[in-house]
Amino acid sequence: MKKYNVLIVEDEKKLLETLSDFLKLNDYQVYAAENGMEAMKQFMEHIQEIDIVLLDIMIPFLNGYELLKEIRMRSNVPVIMLTSKSAIEDQIEGFECGADDYITKPYSLSLIKAHIEAVLKRAGKQRDFIVSGDVRIDVKAQKVYLKEEYMETTPKEFDLLLFFMENEGMVLTRDHILDAVWGYQYVGDIRTVDTLVKQLRKKMKNGSYIRSVYGVGYVFGGTGYVKKD
């Protein structure tokens, strides 16, 4: 399962610590900031890794609306506003600035987790980049980079690798892969999947990224997650 990276921007130190600890326990990688300037610095330093931002409005230096506008000039990363400002006008302003969701305080930690999962699910392929280990996919440009070097792929190789990385850690059957990458109407040989996997492994020069699951299909995991057969 992919570990998602969350940037939390919250000036209430105790709340920031509580939310950070909770998300870490739920297997999220957390970046934290207590003001708008620090948040912008963190965001720019980790722009390719951050999957979602939890953003308070009433924060020092750059408020949440201003920070969100700065983020939207650079990225379409999902952003959830977390704030005590519950007026309809405030919520409308948040969405107009580019927020994907809006949660008012007080809130439960389980509610935050549910909203994060829902927003990430909706974002899906709309993310600009998907990263796993040394592999990075530029979704919009349809380009793959291995250790920051461009790796040429055919359209179907790209689609297959993207599908693997979107489902990292999940065992995928050949039928499931065929349906997702080639479509339900595909009438070719199921061994087409095996052939394409071999091509990707050769180009990636590392068999540990895509592991065969005997009698079932394949599972994808970045370096350090999955061992070579």
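Before reading on, note that the structure itself is shown above.
Computed from a prediction, not measured in an experiment: that's the story for all the values here.

Thoughts on the overall build of the protein
Right, so step 1: Along the backbone of the protein there are 8 helices and 12 strands.
Right, so step 2: Counting contacts in the protein only where the partners sit at least 6 residues apart, residues at least 24 apart contribute 56% of the total.
Right, so step 3: Of the roughly 12,200 Å² that the protein leaves accessible, carbon and sulfur atoms contribute 51%.

Quick notes on the pattern of salt bridges
Right, so step 1: The full count for this structure, using the stated rule, is 14 salt bridges.
Right, so step 2: A salt bridge links K13 to E17; the shortest N-O distance between them is 4.0 Å. Of the two residues, K13 and E17 are both situated in helix α1 (residues 13–25); the distance of 4 residues between them amounts to about one turn of the helix.
Right, so step 3: A salt bridge links K41 to E45; the nearest nitrogen and oxygen atoms lie 2.8 Å apart. Of this pair, K41 and E45 are both found in helix α2 (residues 36–45), 4 residues apart, which corresponds to roughly one turn of the helix.

Section: the pairing of strand β4 (residues 79–83)
Right, so step 1: Counting buried positions along β4 yields 5 of 5 residues, so the element is predominantly enclosed.
Right, so step 2: Burial of the side chains of β4 extends over both faces: V79, M81 and T83 are buried on one face and I80 and L82 on the other.
Right, so step 3: Read from strand β3 (residues 52–55) through helix α3 (residues 64–72) to β4, the crossover connection turns out right-handed.
Right, so step 4: The sheet contact formed by β4 and strand β5 (residues 101–104) spans 4 bridges and is parallel.

Thresholds applied
- Residues numbered from 1 in each chain as written.
- Predicted model: local features only at pLDDT ≥ 70, side-chain atom pairs only at ≥ 80, totals over all residues.
- Heavy atoms only, no water.
- Helix = DSSP H or I, 4+ residues; strand = E, 2+ residues; numbered from the N terminus.
- Contact = heavy atoms within 4.5 Å.
- Areas by Shrake-Rupley, 256 points an atom, 1.4 Å probe, with all protein chains shown as cover.
- Salt bridge = Lys/Arg side-chain N within 4 Å of Asp/Glu carboxyl O.
- Buried < 20%, exposed > 50% of the residue type's maximum accessible area, 1.4 Å probe, protein only.
- Right-handed = clockwise from strand over helix to strand, strands pointing away.
- Pairing = 2+ DSSP bridges.

These figures capture arrangement, not role.
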